[in-house]
Amino acid sequence: MNWLDTIAQGILLGGLYALFAAGLSLVFGIMRLVNLAHGDLIVFAAFLILSLVSLLGLHPFVAALIAAPLMFAAGWILQYHLLNRTLGKDILPPLLVTFGLSIVIQNGLLEGFTADSRRISAGALETASVSLGSINTGVMPMLTFASAVLVIVALNQLIYRTSIGRAFRATSDDVTTAGLMGIRPQRIFAMATGLAMVVVTIAALYLGTRANFDPTSGPARLIYAFEAVIIGGLGSLWGTLVGGIILGVAQTIGAAINPEWQILAGHLAFLLVLLFKPRGLFPRAAD
Amino acid sequence: MEQLLSPTFKVETRTGLSAAFAVMAAIVVILAFPAPLLVSRGAVQDLFFILTMLVLAQCWNLLAGYAGLISVGQQLFVGCGAYAMFALVSLFGLDPMVAVIVAGLFAVVVAVPTAFFTFRLYGPYFAIGTWVIAEVGRLLFAQWKALGGGTGTSLPHDATRDMIGVDLLKSLFRMKSAEAGDALTYWFALVLALVTIGAIYWLLRSRHGLGLAAVRDNEQAARAVGVDARRMKTIVYLTAAFLTGCCGALIYVQKQRISPDAAFSVIDWTAYVIFIVVIGGIGTIEGPIVGVIVFFLLQNLLAGYGSWYLLILGLVAIVTMLFAPRGLWGLFSDRTGIQLFPVRRILKGGPLEHKQMGGPNG
Amino acid sequence: MALLETHALTASYGDFQALFGVDICLEEGETLAIIGANGAGKTTLMRSLSGVLKNKPGSISYRGESIGALAAPDIMARGIAMVPEGRRLFPSLTVEENLLIGTYGRKTAGPWTLESIYALFPILKERRRSPATALSGGQQQMVAIGRALMSNPDVLLCDEISLGLAPVVVRDIYTAFPRIRETGAAIIIVEQDIAQALKVSNRVYCMMEGRITLSGKPCDLDRDAIHKAYFGADGHELA
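Residues numbered from 1 in each chain as written. Chains lettered and ligands numbered in written order. Predicted model: local features only at pLDDT ≥ 70, side-chain atom pairs only at ≥ 80, totals over all residues.

**Structural notes on the overall build of chain B**
Consideration 1: Each helix and strand counted, chain B has 16 helices and four strands in total.
Consideration 2: In terms of C-alpha radius of gyration, chain B reaches 23 Å, essentially the compact-globule figure of 21 Å for 362 residues.
Consideration 3: The burial tally for chain B puts 43% of its 362 residues in the buried class. (Helix = DSSP H or I, 4+ residues; strand = E, 2+ residues; numbered from the N terminus. Rg over C-alpha atoms; globule rule 2.2 N^0.38 Å. Buried ≥ 20, exposed ≤ 12 C-beta atoms within 10 Å, placed from the backbone.)

Listed below in structure tokens is the structure:
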């Protein structure tokens, strides 16, 4: 096994997982909402991009650009009208409603698109490769990783340097007092989910161009996303990137030993981290 | 100087209605036993399905509704129980009915380290943790080539034909082997369901049940009054694992064919179970019973509609959680105040009013 | 017409009624003190005024508008700012960010800006980049007051500013009040520190068990009357 190559592939794969996870981390961090439909929303966005590509003949990246505001609106509406009603002290309603949502999305997609496996074609980019010293990597994985880093930088800038970012953090700290400052939590939550859906669209673009997907691909993506978030620790977006990388590297090393062990290796790494750090590697202090 | 009365208080859970229900339930149970002799084989299989889903639902309800442990990974125990049974029967020639019990014990063995690990996690971390461990189980069993690896395997042809009791049934009631097999698994399921409901009801009526309710509502406060929260949760978790494991093993005795994806399916053994409990009513014993009946009816109604069936199920779950968070039984019980399995403690006896003048400090 | 007034305000927490028909009024520019023992209903009153507790529409009016049923963000946007009991700063925000968030719901120009708040409480300027909860209790109280002032409110509600603070710190904080009054804001302070309350207010209400038991100007009220209104007819002797 070429260690360097394997680890490099793992790190780049981690970028994809970080993209899966970033939206989840944002929503989880601000409103403690566990959205079990997150993976299915990524698949939904992938189908949306696919439809735009096949119906309008657009390049996938352009299609994603169009899909992003649509997904933002969908997320906003979903949160404001449905998920906001489930938020409260009890953790069961959001879990169960999003679980139901996950089933609805999967089966809705099955009815609309059949169970066939799909792929979004990115043309020449798919096979283009670039060499970094002794390693050859594809352009797409590099783009994916770069996008993940960019997304996380952008989100951090938003959260730590803007007025709305302050509002996000304040609402996450203390909903009641945030209201006293004129922050409307219902709208903040909707905004957060909308934003998460934009990230989901980017993740969907890279998922769809990298591998085959079908309506039931959601839950697996959800698990990877959660593993990345939990390994990294709640509240830290850079932690989510680290979590994604750890997961990606564990999977590629496992796959290099035996292809059947890829996913298992990822799960074992996740469990190992949780064994020693039940709250992840970089959890924020107040939780 | 006040007169000190020594009140004779008693704590009871029985009400008039629940006593009447108990009698009716006993009649239903007695009638349920001869079912294989009275109804068609298809009906027996339907009843088997209802009973096994009921056991799974009661177990999940015990964990989530009473102990506050929201697990999305109970399929771990279904799969482990099923595979243990398969191993015992296929590789060691054990009688399937005996294997079911041993499989349940195997599930408990698996539950011990699982509990140790997952109890360190809270809320959504716990839920995802249980799911991941179930996935690990699925992936590990898929490596076991002797039992079919990733594609799975079937029970040896005569394993169910030669079960203890089959010959007796064949001679007594002139059943064919397959019918007799179905009858035996049905009776096992019936007994398992009764044991499950009985055990849960006993637990809730005991003082452990009070402790459990306290843990669910506020673990720290419960600890402060001396409830050993960790011990309670562990006992509940292991019990649920045993019952779920037995149930999983039993289901696969009937199915006779196993694969990792099927035995560890999150849809079949968690999604459906959660729907049943949510729609029926979480946190009550009556809820899952109502839920299983609704689920069975819905499944039969929508059988031919493919993915619409699941879609509608999902929508029903969402609507129920938003508008009737305590399920159908919860709606009914709130309106009428009826509890068929009463676990509310009622203070009976003693004087109702106890008037005393306070001292200088009120 | 009074700036802010309540009409037979009642409030309950589930089955427990905390306010029984409270009538108060606040005039433009004046400082009102509300005193009373623990559990008298003072904080419940404040929570009703600020919108944290929703009430019947007609029970509270502000500049003639009926605001009883409005939510906190809407009330804040109209110019009623709250310094909550226990400070309730945002732990994820620095001192400066806590001040800035005070303008999220209402960006009105006025005498209070970051600079003028730093002038009022110089220590905050030094610690502007610290996480807000790393400050001492008294400093946190200053941040909480500053945060409320940032929106240039017409009414400032201060709930138990002195709670948990040493008397010398409390005195320090109250020296800022004349400057706040100068800018024209009307203030309602809820206090258990009776002496401080009487010193700084134009009028006083005393509450007991959810009702107003006494009202008047500090100079007009004598010790015994306050004592009776505070503790009730057969209360303890004040030490």
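**A closer look at the sheet that holds strand E9 (residues 155-159) of chain C**
All names here are of chain C.
Consideration 1: Sheet architecture is open: six strands sit in the order E8-E9-E10-E5-E11-E12, paired in mixed fashion. Edge positions in the sheet fall to strand E8 (80-83) and strand E12 (211-216), since each has one partner strand and no second. Neighbour-to-neighbour, the strand axes of the sheet open up by a mean angle of 20 degrees, direction not taken into account.
Consideration 2: Pairing of E8 with E9 involves four bridges; the strand directions are parallel. Note that in E9 the partner of Ile-80 across the bridge is Val-155.
Consideration 3: In the packing of helix H6 (residues 137-149) onto the sheet, the strands contacted are E8 and E9, and the crossing angle to E8 comes to about 170 degrees.
Consideration 4: Packing of helix H10 (residues 223-231) onto the sheet brings it into contact with strand E5 (31-36), strand E11 (203-208) and E12, and relative to E11 it is tilted by some 40 degrees. (Pairing = 2+ DSSP bridges. Axes fitted to C-alpha atoms, helices over the stretch in contact; angles between N-to-C directions. Contact = placed C-beta atoms within 7 Å.)

**Side note on the interface of chain B and chain A**
Consideration 1: Across the contact, 31 residues belong to chain B and 31 residues belong to chain A.
Consideration 2: Listed by contribution, the elements that provide at least two residues to the side of chain B that touches chain A are helix H6 (123-141), helix H13 (266-280) and helix H15 (307-323) of chain B.
Consideration 3: For the side of chain B that touches chain A, a count of residues per class yields 25 nonpolar, four polar and two charged. (Nonpolar A, V, L, I, M, F, W, Y, C, P; charged D, E, K, R; others polar.)

**Examining the interface of chain C and chain A**
Consideration 1: The interface is formed by 21 residues belonging to chain C together with 17 residues belonging to chain A.
Consideration 2: Mapped by element, the contributors of at least two residues to the side of chain C that touches chain A are helix H2 (72-77) and helix H3 (95-101) of chain C.
Consideration 3: At four residues, H2(C) tops the list of elements feeding residues into the side of chain C that touches chain A.
Consideration 4: For the side of chain C that touches chain A, the residue count by class is 14 nonpolar, four polar and three charged.

**Quick notes on the environment of A:Val229**
All names here are of chain A.
Consideration 1: Secondary-structure assignment places Val-229 in helix H9 (residues 218-232).
Consideration 2: Along the backbone, Val-229 and Gly-280 are 51 residues apart, and their C-alpha atoms lie at a distance of 8.2 Å.
Consideration 3: Discounting residues that sit within four places of it in the chain, Val-229 has contacts with Ala-21, Leu-24, Ser-25, Phe-28, Thr-240 and Gly-243.

**Side note on the packing of helix H4 (residues 75-92) of chain B against helix H11 (residues 229-255) of chain B**
Residue and element names in this part refer to chain B.
Consideration 1: In contact at an axis separation of 7 Å, H4 and H11 are set at 55 degrees when each is read in the N-to-C sense. It follows from the interaxial angle that H4 and H11 lie oblique. Here H4 and H11 pass one another in a crossing that is right-handed. Here Phe-77, Val-78, Gly-79, Cys-80, Gly-81, Ala-82, Ala-84, Met-85 and Phe-86 of H4 lie close against H11, whose contacting residues are Ala-241, Thr-244, Gly-245, Cys-246, Gly-248, Ala-249, Ile-251, Tyr-252 and Val-253.
Consideration 2: Each residue belonging to the contact of H4 with H11 can be placed in one class, and the counts come to 13 nonpolar, five polar and no charged. (Parallel < 35°, antiparallel > 145°, perpendicular 65-115°, else oblique. Left-handed = near helix turned anticlockwise from the far one by under 90°.)

**Concerning the nonpolar core**
Consideration 1: By size, the foremost hydrophobic cluster in this structure holds 284 residues, and its most contacted members are A:Ile49 and B:Met85.
Consideration 2: Ranked by residue count, the leading element in this core is helix H8 (residues 185-210) of chain A, at 17 residues.
Consideration 3: Among all residues touching A:Ile49, those that are not within four sequence positions of it are A:Pro60, A:Ala63, A:Ala64, A:Ala67, A:Ile120, A:Ala204, A:Leu205 and A:Gly208. (Core = buried A, V, L, I, M, F, W, Y, C linked by C-beta atoms within 7 Å.)

**So, the sheet that holds strand E4 (residues 25-26) of chain C**
Residue and element names in this part refer to chain C.
Consideration 1: The four strands are arranged E4-E1-E6-E7 in an open sheet whose pairing can be described as antiparallel. Edge positions in the sheet fall to E4 and strand E7 (65-66), since each of these pairs with one other strand and no more.
Consideration 2: Pairing analysis gives three bridges linking strand E1 (residues 4-6) to strand E6 (residues 60-62), with the strands arranged antiparallel. Among the inter-strand pairings, Thr-6 is bridged to a residue of E6, identified as Ile-60.

**As for the pairing of E12(C)**
For a regular strand, side chains alternate in direction, first toward one face of the sheet and then toward the other.
Residue and element names in this part refer to chain C.
Consideration 1: Relative to E12, E11 is paired through five bridges, and the arrangement is antiparallel. Looking at E12, one finds that Met-207 is bridged to Ile-212.
Consideration 2: As consecutive antiparallel partners, E11 and E12 are separated by two residues, and within that stretch Glu-209 has a phi angle of approximately 50 degrees, a positive value.

**A word on the packing of H4(B) against H6(B)**
Residues and elements named next belong to chain B.
Consideration 1: Put simply, H4 and H6 touch, their axes get as near as 8 Å, and they point 25 degrees apart. As the angle between them shows, H4 and H6 are arranged roughly parallel. Once H4 is placed against H6, the crossing between them reads as left-handed. Taking contact as the criterion, the partners of Gln-75, Leu-76, Gly-79, Cys-80 and Tyr-83 in H4 are, on H6, Ile-133, Ala-134, Gly-137, Arg-138 and Phe-141.
Consideration 2: Partitioning the contact of H4 with H6 into residue classes produces six nonpolar, three polar and one charged.

**Here's the deal with helix H14 (residues 286-301) of chain B**
Residues and elements named next belong to chain B.
Consideration 1: If you check H14, its first and last C-alpha atoms are 23 Å apart, about what 16 residues at 1.5 Å a residue would give, namely 22 Å.
Consideration 2: Residues of H14 that are buried: Glu-286, Gly-287, Pro-288, Ile-289, Val-290, Gly-291, Val-292 and Phe-295.
Consideration 3: Next to the buried residues of H14 lie helix H3 (41-66), H13 and helix H16 (327-336). (Expected span 1.5 Å × (residues − 1).)

**Brief notes about the pairing of E9(C)**
Residues and elements named next belong to chain C.
Consideration 1: Most of E9 is tucked away: five of the five residues are buried.
Consideration 2: Side-chain alternation along E9 places Val-155, Leu-157 and Asp-159 on one buried face and Leu-156 and Cys-158 on a second face that is also buried.
Consideration 3: Looking at chain direction, E9 and strand E10 (residues 186-191) are connected through five bridges and run parallel. Opposite Leu-156, over in E10, you have Ile-187 as the bridge partner.

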